[in-house]
Structures are given as C-alpha cells and as structure tokens.
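# Summary of structural features
Chain by chain, the residues:
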Amino acid sequence: MVTNFHYLDPAQEFNVSIFMSPTGTDSQIIDNRNLSAKTDSYTFTPDGKPTGATINITWLTWRSTDYGRPFINTTPNVGGGWYLDPNPHDLTDFEDTFTSPPNKQTNAFVGLTTNGTDHGNYLDLYSTVVHELCHALGLNATSPLFKAAAHLVDGNPADMQNLDPMGNSTGNYWAVETANVHALFTSSDTFADAGGPAHFAEPGAVATYNGRTYLGANALMNSRDVLNGRKLIDDTLALILHDVYGFDVNLPSSIANFYDTLDADGTLRIDLTSLGGSDDLVTLSASNGFVRVQINLGDGIPGIDPAQSTNHSPSAM
Ligand SMILES: [Zn+2]
C-alpha cells in the first residue's frame, strides 16, 4: 500500500519486529477470544516520520470449552486461538453478509464469516497483524505528527464500546482532519486512555467537531477485536498516512474490497446486497487482459465506505 516513504535520508529503512509470546495465556475463564497484540517501541525520524516498531502477539494454551484437561487442537490452520489463513489474499471465506445486529455491519473493508467454520470460531491473525502494522506505520497516539492532525472532541459522551470492566469509559473521541480525511478516532486503548488518537471509533459512535459530524464504523483499527472476520486496510487510513507523513500510497479499495472480490478460481464477484436499497452504479470494462470495475456507492456505510472505488482484475480471457 505504501509505495514510497519519502524519507529525507534515502538510506532510511522501515523496520518492524514481530514476536509471538514464548508462553501461551491460560484462557480458562473467559473464552477463546482472550487474545491480544500490542505495538510499542515506536521510532521516528528527526522530522517525525515513523521508522518502525515492535509488535508482540499472545496465544492461548487452553480453550474455555476444554478447560480442565489438556487440549491439543489438531485442526489445520487454527492454533493458539488464531485462525491462520492459508490463502490470505483470497477473500472467498469472508463473504457472508450479516444484517444484524448493527455493530456487525459489513462494509467495503470488513467481511464476516459463518459460525462453526474455523475462521468463524477463531480470530483472524492476518487482520490482527495488519492492524498492528498500521500502528507501526504511524497510526498511533505516540506520533506527534499524527496527534497534531487530530483534535480532542470536547463535550461528547465517551466511547461506549470501550468501557472498562467497571463500566467506566476509557477514552475520548479525536477528530482527525487532514487534506483528504475527516475521520473519528478514539484514545481508548486496551481499556485505558492513550492520550491521543489511537484507534478508529466504533460503529455507532457520533461526534461533532467544528460543525462537522464524524461517525465511527466497523474497521481494521477499532480498539477491540470483537468480530471473527477479515478486516482490510481502508482508504481512510491510507489517506491519513499520505496526508500526515507524506507517504505515497495506493488506495486500498483499488487493491481489495468486499464489494468486488476475485476468488482463487478466477471468479469475479460483485455483491452490493449488504447495502440494501442503495442506488449504486457499477461500471465494467475490459482491456489488455484486465477487467476494470468501478463502483459508485449511492448509500454506502457511513464513516468508512468510499464513495467510489476502482480496481483491475486479471481477465481469464
Ligand atoms: Zn490497536
């Protein structure tokens, strides 16, 4: 997605170290979703561009349903509570449509799964790693440049999706305003207030800043991972990285989105049924061995869907 960091020093590299915890977490009490991943040790250039970070990911030794006896899961592609996608660029497994409850709304960048399948029972490691990589790329409360582009939204109710175990709110909304983006973030991070824009606000979040209304949505950078499904980098995140840090980016919707997907067998699926009565315009054209799909959404998911997306799939002809 990032094609050029435009570092002042051309020799500057972007380095991320990813570690899996050496010991698993005992998941005896809650359920098999008690997993975590965390990014820290951020580094920046003198002019404030991110140059790397360290990512730590946990895994589980037990599943609640099996507590009391050793549990060895021999199912392929699941382990330690994670779903390990053998084919991460084939989105076929994540094309189910959920229409309720509203916080399970799918959109161009969030796809869900069928309960009972491996990827429906376990959290998607791919989505989690990409979430953490986006923190490393600069979408974190530690970055002075990102924080400078965001504004604390005063006088709004706190993020009700991120209450601590005592029912207290744990963060504030931050309006991120850049040349191309007006997005709602929250400072909630692992049931604490990170003091800056750390995560994308949850679905249902509404805040007003400078006369503009900002909306949360299901998204890769939500604070809590409560959905078993695939979350992709969305256009908003890429445009923030472009506007705040001067990175060259390709729009993620042009690379992959759930409204038009290319299955592993070459089938191109265009599916806008999850949008209900939205008047959408789909334009198909073909040239030089590629099919070009342009989608203009009449009534996309607020806060996350792009008004227009365009991508090119190899044609089978
Ligand atoms: Zn996070």
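Above this text is the structure in question.
Below is a short write-up of the structure. (Residues numbered from 1 in each chain as written. Predicted model: local features only at pLDDT ≥ 70, side-chain atom pairs only at ≥ 80, totals over all residues. Heavy atoms only, no water.)

### Quick look at the sheet that holds strand S4 (residues 50-57)
Spatial strand order, S2-S4-S3: 3 strands in an open sheet with mixed pairing. Lying at the two open borders of the sheet, with one neighbouring strand each, are strand S2 (15-20) and strand S3 (37-44). Each neighbouring strand pair of the sheet contributes to a mean axis angle of 15°, computed without reference to strand direction. Bridge count for S2 against S4 is 6 bridges, and the pairing is parallel. Following the sheet pairing, Ile18 is matched in S4 by Ile55. Contacting S2, S3 and S4, helix H2 (residues 125-136) runs over the sheet at an angle of about 25° to S3. (Pairing = 2+ DSSP bridges. Helix = DSSP H or I, 4+ residues; strand = E, 2+ residues; numbered from the N terminus. Axes fitted to C-alpha atoms, helices over the stretch in contact; angles between N-to-C directions. Contact = heavy atoms within 4.5 Å.)

### Topic: the coordination of the zinc ion
Octahedral metals with six donors have ideal donor angles of 90 or 180 degrees. Tetrahedral metals with four donors have an ideal donor angle of 109.5 degrees. Within the protein, His131 (NE2), His135 (NE2) and His199 (NE2) serve as the donor atoms for the zinc ion, at 2.0 to 2.1 Å. Considered as a linear motif, the donors of the zinc ion on their single chain read H-x3-H-x63-H. Here His199 lies in strand S14 (residues 199-200) and His131 lies in helix H2, a separation of 68 residues in the sequence. In this structure, His131 and His199 share a single accessibility class: buried. (Donors = N, O, S within 2.8 Å, 3.2 Å for Na, K, Ca; no water. Buried < 20%, exposed > 50% of the residue type's maximum accessible area, 1.4 Å probe, protein only.)

### Details of unusual backbone geometry
The backbone of Ser41 shows a phi angle near 55°, a positive value even though the residue is not glycine. Relative to the helices and strands, Ser41 is located in strand S3. For Asn288, which is not glycine, the phi dihedral falls at a positive 50°. For Asn288, the position within the fold is in the loop between strand S21 (281-287) and strand S22 (290-296).

### Observations regarding the side chain of Asp305
Mapped onto the fold, Asp305 is located in the loop between S22 and strand S23 (308-314). Buried and unpaired, Asp305 has Lys231 as its nearest opposite-charge partner, separated by 15 Å. Looking at Asp305, its side chain comes within polar contact range of the side chain of Tyr259, at 2.6 Å. A polar atom in the side chain of Asp305 sits 2.8 Å from the backbone nitrogen of Ile301. Apart from the residues within four sequence positions on either side, Asp305 is in contact with Asn107, Ala108, Tyr259, Leu275, Leu297 and Gly300. (Lys, Arg positive; Asp, Glu negative; His and termini not counted. Salt bridge = Lys/Arg side-chain N within 4 Å of Asp/Glu carboxyl O. Polar contact = N/O pair within 3.5 Å; in protein donor to acceptor, adjacent residues only side chain to side chain.)

### Thoughts on the pairing of S21
Looking at chain direction, S21 and S22 are connected through 7 bridges and run antiparallel. Each bridged residue has a counterpart across the sheet, and for Leu284 the counterpart in S22 is Val293. Between the end of S21 and the start of S22, which pair antiparallel, lie 2 residues, with Asn288 showing a positive phi angle near 50°.

### With respect to the packing of aromatic side chains
If you walk through the whole model with that rule in mind, you get 7 aromatic pairs. Centre to centre, the rings of Phe5 and Phe14 are 5.2 Å apart; their planes meet at 15°, and the pair counts as stacked. Their ring planes at 75° and their centres at 4.8 Å tell us that Phe5 and Phe247 sit as a pair that is edge-to-face. Of this pair, Phe5 sits in the loop between strand S1 (2-4) and S2 while Phe247 sits in the loop between helix H4 (235-245) and strand S18 (248-249), and the two are 242 residues apart along the sequence. Here the two residues Phe5 and Phe247 agree in accessibility, since each one is buried. An aromatic cluster is built from Phe5, Tyr7, Phe14, Tyr245 and Phe247, whose rings are joined through pairwise contacts. (Phe/Tyr/Trp six-rings, centres within 6.5 Å; stacked < 30°, edge-to-face > 60°.)

Any link to function would need more than the numbers given here.
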